[in-house]
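# Survey of secondary and tertiary structure
The chain contents come next:
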Amino acid sequence: MACAVTVTKPLTGDIHGILGKNKNSINKLLPDKLRYYEDDAYTNDYFLIQTDDSDDIISIVLLTDAESNIGKYTLYGLYPGMNYEKACGLLAKKGWKLDSESYDESYFYNPKNSNVSFYVTIIDDEIDLIIYMYK
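Residues numbered from 1 in each chain as written. Predicted model: local features only at pLDDT ≥ 70, side-chain atom pairs only at ≥ 80, totals over all residues. Heavy atoms only, no water.

## What about the overall build of the protein?
Short version of the rule: Secondary structure elements follow DSSP: runs of H or I of four or more residues count as helices, runs of E of two or more count as strands, with numbering from the N terminus. Radius of gyration: over C-alpha atoms. The globule rule applied is 2.2 Å multiplied by the number of residues raised to the 0.38 power. Whether a residue is buried, partly exposed or exposed follows from its accessible area with a 1.4 Å probe, protein chains only, as a fraction of its type maximum: under 20%, in between, or over 50%, in that order. Only heavy atoms enter the contact rule, under which two residues are in contact if any of them lie within 4.5 Å. Each accessible area value is a Shrake-Rupley result obtained with a 1.4 Å probe; residue values ignore everything except the protein chains displayed when judging cover.
The number of helices and strands found in the protein is two helices and ten strands. Computed over its C-alpha atoms, the radius of gyration of the protein comes to 16 Å, within 12% of the 14 Å expected for a compact globule of 135 residues. When the backbone C-alpha atoms are referred to their principal axes, the protein occupies close to 60 × 35 × 30 Å. Counting the 135 residues in the protein, one finds 38% classified as buried. Taking all contacts inside the protein whose residues are at least 6 apart in sequence as the whole, residues at least 24 apart take part in 37%. Total accessible area on the protein stands at roughly 8,100 Å², and carbon and sulfur atoms take up 48% of it.

## So, the environment of Ile 131
Within the secondary structure, Ile 131 is located in strand E10 (residues 126-134). Here Ile 131 falls in the buried class, since its relative accessible area comes to 16%. Along the primary structure Ile 131 and Asn 44 are separated by 87 residues, whereas in three dimensions their C-alpha atoms are 16 Å apart. In this structure Ile 131 touches Ile 60, Val 61, Ser 117, Phe 118 and Tyr 119, once residues within four positions along its chain are discounted.

## Section: the nonpolar core
Quick note on the threshold: The term nonpolar core refers to a set of buried residues drawn from Ala, Val, Leu, Ile, Met, Phe, Trp, Tyr and Cys, joined through side-chain atoms within 4.5 Å.
Counting residues in each nonpolar core, the largest one holds 31 residues, and the members touching the most others are Ile 15, Ile 18, Phe 47, Ile 60, Phe 118 and Tyr 132. Elements represented by at least two residues in this core include exactly strand E4 (47-51), strand E5 (57-62), helix H2 (84-93), strand E9 (113-123) and E10. Looking at this core element by element, the count peaks at four residues for E9. Not counting chain neighbours up to four residues away, the residues in contact with Ile 60 comprise Ile 15, His 16, Ile 18, Leu 19, Phe 47, Leu 48, Ile 49, Leu 75, Ile 130, Ile 131 and Tyr 132. Listed in part, the six residues of the second largest apolar core include Leu 48, Val 61, Leu 63 and Tyr 119.

## Regarding the pairing of E5
Each regular strand carries side chains that alternate between the two faces of the sheet. Selection rule: A pair of strands is labelled paired if DSSP reports no fewer than 2 bridges between them.
Counting buried positions along E5 yields five of six residues, so the element is predominantly enclosed. As paired elements, E4 and E5 share five bridges and run antiparallel to each other. In the sheet register, Leu 48 faces E5, and the bridge partner there is Val 61. In this antiparallel pair of consecutive strands, E4 and E5, the connection spans five residues, and Asp 55 shows a positive phi of 65°. With four bridges connecting them, E5 and E10 associate as antiparallel partners. Within the sheet, the bridge partner assigned to Ile 60 lies in E10 and is Tyr 132.

## Regarding unusual backbone geometry
Positioned with a positive phi, Asp 45 is a non-glycine residue whose angle comes to about 80°. If you trace the backbone, Asp 45 turns up in the loop between strand E3 (41-43) and E4. By relative accessible area, Asp 45 is classed as partly exposed at 42%. In this structure, Asp 124 is a non-glycine residue whose phi angle is positive, near 50°. Note that Asp 124 resides in the loop between E9 and E10. The exposure class assigned to Asp 124 is exposed, which follows from its relative accessible area of 71%.

## A look at the environment of Ser 117
If you trace the backbone, Ser 117 turns up in strand E9. On the accessibility criterion, Ser 117 (13% relative accessible area) is buried. Taking the C-alpha atoms as reference points, Ser 117 and Asp 56, 61 residues apart in sequence, are found 17 Å from one another. Setting aside residues no more than four positions away along its own chain, Ser 117 makes contact with Trp 96, Phe 108, Ile 131, Tyr 132, Met 133 and Lys 135.

Following this line, the structure appears as structure tokens:
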């Protein structure tokens, strides 16, 4: 008698889908495991997550100091160092709308999901910091 085995690929690439998922479940799928950082925050040197009391992920931040393999993980295709105009175009294709913008930061909203927000900071026309979170 054969038994069914489920093989799950390691999680790499775009990680916006982990928002709301349990940290422990996601950590099993990551080739570079999350470790405790501080106060309900965990990192694997590429991104930082914050969790609620149930260990569900409530925010994701791509880290700019992951320069050795920048872009290994993305949020809607964006990564630190990407050209800002290109990033705006990618977000627009994914249904995100520009909410507000200044010389060094922009906020985006998704009309299909008002519970989430997307925030980027900009330095020299490049994305510096990317944060995806529940409002």
